[in-house]
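Residue-level listing of the chains:
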Amino acid sequence: MAVTEPDQSAESPDKGGFGKQQVIATVLTLAVLVVVFAVVFPQFADYGQAWDAIQAMSAGWIIALIVATIIVITVYVWPFQAALPGLKYGPAFVVRQTSFMISNVIPAGGAIGLGVQFGMLSSYGLGAAPSTAAIGITGVWNTFITLALPVLGLLALAFIGEVNTAATIVTVLGVVVIGVGIGLFALILRNEDNARRVGQWVDGIADWGAGLIGKDGDFAIDQALVDFRASIVGVVADRWAVITGANVLQQLTQFSVLFVAILAIQGGIGEVTLAEAFAAFAFARLATFIPIPPGGLGTTDAILTGALTTFGMANGDALAAVLIWRAATYFPQVFIGIGTFLYWRRQRGRAETSAA
């Protein structure tokens, strides 16, 4: 499928700054974290009980957690490489880990993260068009797979006979929503006319919504959607299977850390089965769509802890497993992201000095 790509010399988005929006988001984030960790979690179990459960883990399970964490960090780079053919693992690792650090530490830091990603990719010789495509594809696929996880979780519960009528209805509705979303996405990719029609339809809805609050709507979503389609359609047509596989694997490695943590706390298979743990993880992942706090920090943990206790895991054990999962999947990549950003800045400074 031949596609004319947008001019790669187009400017990348601005980095944005830490302005009023970030200040408000920071205050809200701190408020949410205080509520979750100081009010909500103590309702489930005492931190002392959770710490006792963590200290009781065997050395074998600790090693298994370390291995699972290393796998998560390794695999996290692959979706970006799948969406950006030709990008080597080293530069992809630097960009991806830095992006993780920004998006999961800075409240409402999406604009800053996008600007940094574009700047880093540009320094590695990649133009605006492939960079836009990679970032857009990774975001779209992550959204679709995150929405699909609860459906898969309910199917897993149905397989072991733990699903009820309400859960079945939720599953059917989820399948319909995901089917409509994928159908619209496929329609957009099919040709430019379809992309423009879908954009005009969304434009109409946005204009109507703006009118309800007394605002003038001039969103030009149709042209933005056409431009987005042009930037990604070639890569998606050639590599959709690789992109899907890489993103699914990323989510599964995240879950593997949680399940190893549950097994470590329980000393093996105990109160919570594999299907139950996956269902809890799948529903908790939906909290990552909430922009505050970043990365679902706190909100995801609260939902996950509550779901595990619902499936019969002891309160203290559930809290311990979730705290281990959060520590293993959050802090290593945050610290690595700080290191990769400083490394990139240093390398860029040397390159600029040499050029001068």
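Sequence order sets the numbering: in each chain, residues are counted from 1 along the sequence as written. In keeping with the predicted nature of the model, local features appear solely for residues at pLDDT of at least 70, side-chain atom pairs appear and are counted solely at 80 or more, and the whole-chain, interface and lining totals rest on all residues. In computing side-chain properties, one takes all heavy atoms of the structure into account and sets aside hydrogens as well as water.

## Considering the overall build of the protein
So, point 1. By definition, any uninterrupted DSSP run of H or I lasting at least four residues is a helix, any uninterrupted run of E lasting at least two residues is a strand, and each is numbered from the N terminus. Across its full length, the protein holds 13 helices and 0 strands.
So, point 2. Listing every helix and strand of the protein by position from the N terminus yields α-α-α-α-α-α-α-α-α-α-α-α-α.
So, point 3. Working definition: with a 1.4 Å probe on protein chains only, accessible area under 20% of the residue-type maximum means buried, over 50% means exposed, and in between means partly exposed. For the protein, buried positions account for 45% of its 356 residues.
So, point 4. Any two residues having at least one pair of non-hydrogen atoms within 4.5 Å are treated as being in contact. Within the protein, contacts between residues separated by at least 24 positions form 75% of all contacts whose residues are at least 6 apart in sequence.
So, point 5. Values of accessible area rely on a 1.4 Å probe in the Shrake-Rupley scheme; residue burial ignores everything except the protein chains shown. Accessible surface computed for the protein: about 17,400 Å², of which carbon and sulfur atoms make up 67%.

## So, the pattern of salt bridges
So, point 1. Counted as salt bridges are all cases of a side-chain nitrogen of Lys or Arg within 4 Å of a carboxyl oxygen of Asp or Glu. For the structure on display, the rule yields 2 salt bridges.
So, point 2. As a salt-bridge pair, Glu-192 and Arg-196 come within 3.5 Å of each other at their nearest N and O atoms. Note that Glu-192 and Arg-196 are positioned in helix 9 (residues 192–212) at a spacing of 4 residues, about one turn of the helix.

## Observations regarding the packing of aromatic side chains
So, point 1. Centres within 6.5 Å make a pair out of two Phe, Tyr or Trp rings, where for Trp the six-membered ring is used; the pair is then stacked when the planes are under 30 degrees apart, edge-to-face when over 60, and tilted otherwise. For the structure shown, the criterion picks out 10 aromatic pairs.
So, point 2. Between Tyr-330 and Phe-331, the ring centres sit 5.1 Å apart and the planes meet at 90°, which makes this aromatic pair edge-to-face.
So, point 3. Since its relative accessible area comes to 42%, Phe-331 is described here as partly exposed.
So, point 4. When the ring centre of Tyr-76 is taken as origin, the NZ or CZ atom of Arg-96, which lies over that ring, is 4.1 Å away. We call a charge positioned above a ring when the Lys NZ or Arg CZ atom is no farther than 6 Å from the ring centre and deviates by at most 35 degrees from the ring normal.

## Thoughts on the nonpolar core
So, point 1. Phe-80, Ile-137, Trp-141, Phe-185 and Ile-232 are the most contacted members of the largest nonpolar core, which has 38 residues in total.
So, point 2. Secondary structure elements with two or more residues in this core: helix 4 (78–83), helix 5 (89–105), helix 6 (110–123), helix 7 (128–159), helix 8 (165–190), helix 10 (221–266) and helix 13 (315–355).
So, point 3. Ranked by residue count, the leading element in this core is helix 7, at 8 residues.
So, point 4. Setting aside its immediate chain neighbours within four residues, Trp-141 contacts Phe-185, Val-236, Trp-240, Ile-243, Thr-244 and Asn-247.
So, point 5. By size, the runner-up hydrophobic cluster in this structure holds 37 residues, among which are Ala-50, Ile-54, Leu-258 and Leu-308. Note on terminology: a nonpolar core comprises buried Ala, Val, Leu, Ile, Met, Phe, Trp, Tyr and Cys residues joined through side-chain atoms within 4.5 Å.

## As for the packing of helix 10 against helix 13
So, point 1. Angles shown run from 0 to 180 degrees and are taken between the N-to-C directions of axes, each axis being a line fitted to C-alpha atoms and, for helices, limited to the stretch in contact. At a minimum axis separation of 9 Å, helix 10 and helix 13 run at an interaxial angle of 140°. Relative to helix 13, helix 10 is oriented oblique. Of the two elements, helix 10 crosses helix 13, and the hand of that crossing is right-handed. Across from Gln-254, Val-257, Leu-258, Ala-261, Ile-262 and Ile-265 in helix 10, the residues of helix 13 making contact are Asp-317, Ala-320, Ala-321, Ile-324, Trp-325, Ala-328, Thr-329 and Gln-333.
So, point 2. Its residues placed into classes, the contact of helix 10 with helix 13 shows 10 nonpolar, 3 polar and 1 charged. Orientation is classified from the angle alone, with under 35 degrees giving roughly parallel, over 145 giving roughly antiparallel, 65 to 115 giving roughly perpendicular, and any other angle giving oblique. By definition, any crossing whose near helix is turned counterclockwise from its far helix by less than a right angle is left-handed, and any crossing with a clockwise turn is right-handed. Ten residues, namely Ala, Val, Leu, Ile, Met, Phe, Trp, Tyr, Cys and Pro, are considered nonpolar, four, namely Asp, Glu, Lys and Arg, are considered charged, and the remaining ones, Gly among them, are considered polar.

## A few points about a nonpolar patch on the surface
So, point 1. Only residues above 30% relative accessible area that lack a salt bridge enter a patch, with like-charged residues linked at up to 9 Å and the nonpolar side chains Val, Leu, Ile, Met, Phe, Trp and Tyr linked at up to 5 Å. Where nonpolar side chains cluster on the molecular surface, the patch consists of Val-172, Val-176, Val-180, Leu-184, Leu-187, Trp-201, Val-202 and Ile-205 and spans about 670 Å² of accessible area.
So, point 2. The element contributing the most residues to the nonpolar patch is helix 8, with 5 residues.
So, point 3. Here Trp-201 lies in helix 9.

## Structural notes on helix 7
So, point 1. Spanning 32 residues, helix 7 covers 46 Å between terminal C-alpha atoms, matching the ideal 46 Å at 1.5 Å per step.
So, point 2. What the bend at a residue measures is the angle between two axes, fitted to the seven residues ending there and to the seven starting there. The largest bend in helix 7 is about 25°, located at Leu-149, with the proline Pro-150 one to four residues further on.
So, point 3. A positive phi of about 75° marks Gly-161, the residue just after helix 7. The length a helix should cover is 1.5 Å for every residue beyond the first.

## Re the side chain of Asn-247
So, point 1. As for its placement among the helices and strands, Asn-247 is situated in helix 10.
So, point 2. Overall, the relative accessible area of 2% leaves Asn-247 in the buried class.
So, point 3. Definition of a polar contact: a pair of N or O atoms within 3.5 Å, with one able to donate and the other able to accept a hydrogen when the atoms are protein atoms, and with sequence-neighbouring residues admitted only if both atoms are side-chain atoms. A polar contact is formed between the side chain of Asn-247 and the backbone oxygen of Ile-243, at a distance of 2.7 Å.
So, point 4. Residues in contact with Asn-247, not counting those within four places in the same chain, are Pro-79, Thr-138, Trp-141, Asn-142 and Ile-145.

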